[in-house]
Amino acid sequence: GGTSVLMTIVMTSFKRPAAIGIADLGSGKHRELLEDAAYPRYARGEVLFTRRGVLMAAPFSVERRELTGPAVPRLNGVLDRSDVGLANFDVSESGTLVYVPWDPRPDQRSLVWVNRSGKVETIKATPRAYASPVLSPDGTHVAVLVDEEGAFLLDLVSGAWVQSVHGTPGGG
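Okay, so let's go over this structure. (Residues numbered from 1 in each chain as written. Predicted model: local features only at pLDDT ≥ 70, side-chain atom pairs only at ≥ 80, totals over all residues. Heavy atoms only, no water.)

1. Structural notes on the nonpolar core
If you look at soluble globular proteins, the nonpolar side chains tend to sit buried side by side. For the record, the criterion: The term nonpolar core refers to a set of buried residues drawn from Ala, Val, Leu, Ile, Met, Phe, Trp, Tyr and Cys, joined through side-chain atoms within 4.5 Å. Think of it in three bands: with a 1.4 Å probe and only protein chains considered, a residue is buried below 20% of the maximum accessible area for its type, exposed above 50%, and partly exposed in between. We count a stretch as a helix when DSSP gives it H or I for four or more residues in a row; a strand needs E for two or more, and each element gets its number in order from the N terminus.
By size, the foremost hydrophobic cluster in this structure holds 16 residues, and its most contacted members are L48, L55, L75, V78, F89, L97 and Y99. Looking at this core, the elements that each hand over two or more residues are β4 (38-43), β6 (54-61), β11 (89-91), β12 (97-99) and β13 (112-114). Residue contributions to this core peak at 3 residues, all from β4. Residues L79, W113, L154 and L156 belong to the second largest nonpolar core, which totals 15 residues.

Dropping the structure here:
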């Protein structure tokens, strides 16, 4: 912790899929950890990432800065563009996951919670073109982008849109 960063490695030629690496902030040197993987997030001893719409998890030692076991699938259907290193999920320090499911109707996406045992619960918010959710460290708020409307902050306890760039989603 603190001297290294997990990152997505994307080849500018796009001749090979994105990969996940770890970089030493002091030396600037990096090494690849996972092939065909993108958007790493660390929580509770695991690196979470996407691989072609599947949320994957691999055990990770912060002290040794290395994977300690194989990656396993955790959840299908996460909206991502892992070919360019983007995914629409985040995880809090406590391990709570929020993500945008893949949907063929992008203007009708929902936000959902997934607890550590895999239980999925839809967050009570009007379906919209949500993207790029980011959870607060305590898991009580989520910041999201809404296509063509801006960025918004949702209080997950009360369900209220407590802050935004351009009002509440939908113009309210």
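This is not the end of the story, as more comes after the structure.
2. Points about the packing of aromatic side chains
Stated formally: Any Phe, Tyr or Trp ring, taking Trp's six-membered ring, that has another such ring centre within 6.5 Å forms a pair; planes under 30 degrees apart are called stacked, those over 60 apart edge-to-face, and the others tilted.
According to the stated counting rule, one finds 4 aromatic pairs in the structure shown. Judged by centre distance (5.3 Å) and plane angle (70°), the rings of Y39 and F89 are edge-to-face. With Y39 in strand β4 and F89 in strand β11, the pair connects residues that are 50 residues apart, well separated along the chain. Given a relative accessible area of 13%, Y39 falls into the buried group. For F89, a relative accessible area of 0% translates into the label buried.

3. Section: the sheet that holds strand β2 (residues 19-24)
This is how it is decided: DSSP calls a pair of strands paired once it identifies at least 2 bridges connecting them. Axis angles are defined between N-to-C directions and span 0 to 180 degrees, where every axis is a line fitted to C-alpha atoms and, for a helix, only to the segment in contact.
What the 3 strands build is an open sheet, ordered β1-β2-β3; its pairing is antiparallel. Edge positions in the sheet fall to β1 (4-9) and β3 (30-34), since each of these pairs with one other strand and no more. This sheet shows a mean twist of 35° between the axes of neighbouring strands, independent of strand direction.

4. What about the pairing of β3?
Where β2 meets β3, 4 bridges bridge the pair, whose relative direction is antiparallel. Of the residues in β3, the one forming a bridge with I20 is L34. Joining the antiparallel neighbours β2 and β3 is a turn of 5 residues, in which G28 adopts a positive phi near 80°.

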